[in-house]
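As a plain string of letters, each chain reads:
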Amino acid sequence: MKMVLASKNPHKLVEMSAILSQLGIQVILESDAGVDVDVEETGTTFEENAQLKATAVMKASGLPAIADDSGLCVTALGGGPGVYSARYGGEGLTDKDRYELVLKGLSGQLDRSAKFVSAICCAFPNGDTVTARGECPGIIAYAPRGSGTFGYDPIFLVPERKKTFAEMSAEEKNAISHRGVALQNFKVELEKYLAKTSV
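Every value quoted in this text rests on a predicted model; they were computed, and no experiment measured them.

Student: Please set out the side chain of Ser61 residue by residue, giving values where relevant.
Tutor: On the secondary structure map, Ser61 appears in helix H2 (residues 46-61). A polar contact is formed between the side chain of Ser61 and the backbone nitrogen of Leu63, at a distance of 3.2 Å. In contact with Ser61, not counting residues within four places along its chain, are Val4, Ala33 and Val35.

Encoded structure:
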C-alpha cells in the first residue's frame, strides 16, 4: 500500500517510513504524488490539525494520506507552545530562535517539566480515518545540547537517558519519542483496521 505523507518535512518521512515499512506500506512525499497542499492548521488540538492535513492531502491525491501534528507542551508556559510549536513567536523564526524563546520564557522557573505530543491521522478515500497519539515526558534543559535532529530537540531532555533528543541516535530517539510512540500505536490501530477492511 502507498500512503502520501501530508508534510514537506523530510525528517518526518524518514521517521514514518522506518516504522510503517514493517507493514509493507510505502510512504511518499506530497511532491511524489504530484500534489502541493497548504493546509491552514486551524484546529485547537493536535488531533484536529492532523485530521485537517490528512483529509486535504487525501482529497488532492486520491490516495490514503497520513499526517502528524506534534508539538512541545511546557508546564510553566501553560502547556505552550503546544499546537503553535511550529509557529511559536511568529513567522520567519528559525528552530533556534524558537527554542531560545522557550528558554527565555522559562528564565527563573524551577518547574522545567514538559512533554512532546504527537497525533497521527490517516485519511482513506472511502472516508475512514485511523488515528493514534503518543507522548514523551521530559524536562527543558537550561541550555541547548547536541547537534542532531530538528525543532526543539536540543532543549528537550529525557532524564532517564540523561540526553536531549538532539544527542540521541535516530534509533534511540524513535524508540521513545512522541512520534515513535504514536507511530507504534498507529501501527496497531492500522493493522486492526486493515484486518477488517479491504482497502
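Student: Let's hear about the nonpolar core: which residues, and what values?
Tutor: By size, the foremost hydrophobic cluster in this structure holds 20 residues, and its most contacted members are Ile66, Phe186 and Leu190. Of all the secondary-structure elements, those providing two or more residues to this core are strand S1 (2-5), helix H1 (10-20), strand S2 (26-29), strand S5 (113-123), strand S6 (129-140) and helix H5 (178-196). Per-element tally for this core: the top contributor is H5, with five residues. Dropping the residues within four chain positions of it, Phe186 is found in contact with Leu20, Ile66, Ile120, Cys122, Val130 and Ala132. Cys136, Ile140, Val158 and Ile176 belong to the second-largest nonpolar core, a separate cluster that totals 17 residues.

Student: Please set out the pairing of S6 residue by residue, giving values where relevant.
Tutor: Here is the key point about a regular strand: its side chains alternate between the two faces of the sheet. The sheet contact formed by S5 and S6 spans 11 bridges and is antiparallel. Within S6, the residue paired with Cys122 across the bridge is Val130. The hairpin formed by S5 and S6 contains five residues between the paired strands, and Gly127 there has a positive phi angle of roughly 100°. As paired strands, S6 and strand S7 (residues 156-158) are joined by two bridges and run antiparallel to one another. Looking across to S7, one finds that Ile139 is bridged to Leu157.

Parameters and conventions
- Along each chain, residue indices are assigned from 1 in the same order as the chain's sequence is written.
- Selection of residues for local features in this predicted model requires a pLDDT of at least 70, selection of side-chain atom pairs for listing and counting requires 80 or more, and totals for whole chains, interfaces and linings are taken over all residues.
- The side-chain numbers reported here are obtained from all heavy atoms of the structure, hydrogens and water having been left aside.
- Strands are runs of DSSP state E lasting at least 2 residues, helices are runs of H or I lasting at least 4, and numbering of each runs from the N terminus.
- We define a polar contact as two N or O atoms separated by no more than 3.5 Å, with the added condition that, inside protein, one atom must be a possible hydrogen donor and the other a possible acceptor, whereas residues neighbouring each other in sequence contribute only through side-chain atom pairs.
- It only takes one pair of heavy atoms within 4.5 Å for two residues to be counted as in contact.
- To define a nonpolar core, start from buried Ala, Val, Leu, Ile, Met, Phe, Trp, Tyr and Cys residues and group those joined through side-chain atoms within 4.5 Å.
- Here the term buried applies to any residue with accessible area under 20% of the maximum for its type, exposed to any over 50%, and partly exposed to those in between, with areas from a 1.4 Å probe on protein chains only.
- Any two strands are treated as partners once DSSP identifies two or more bridges connecting them.

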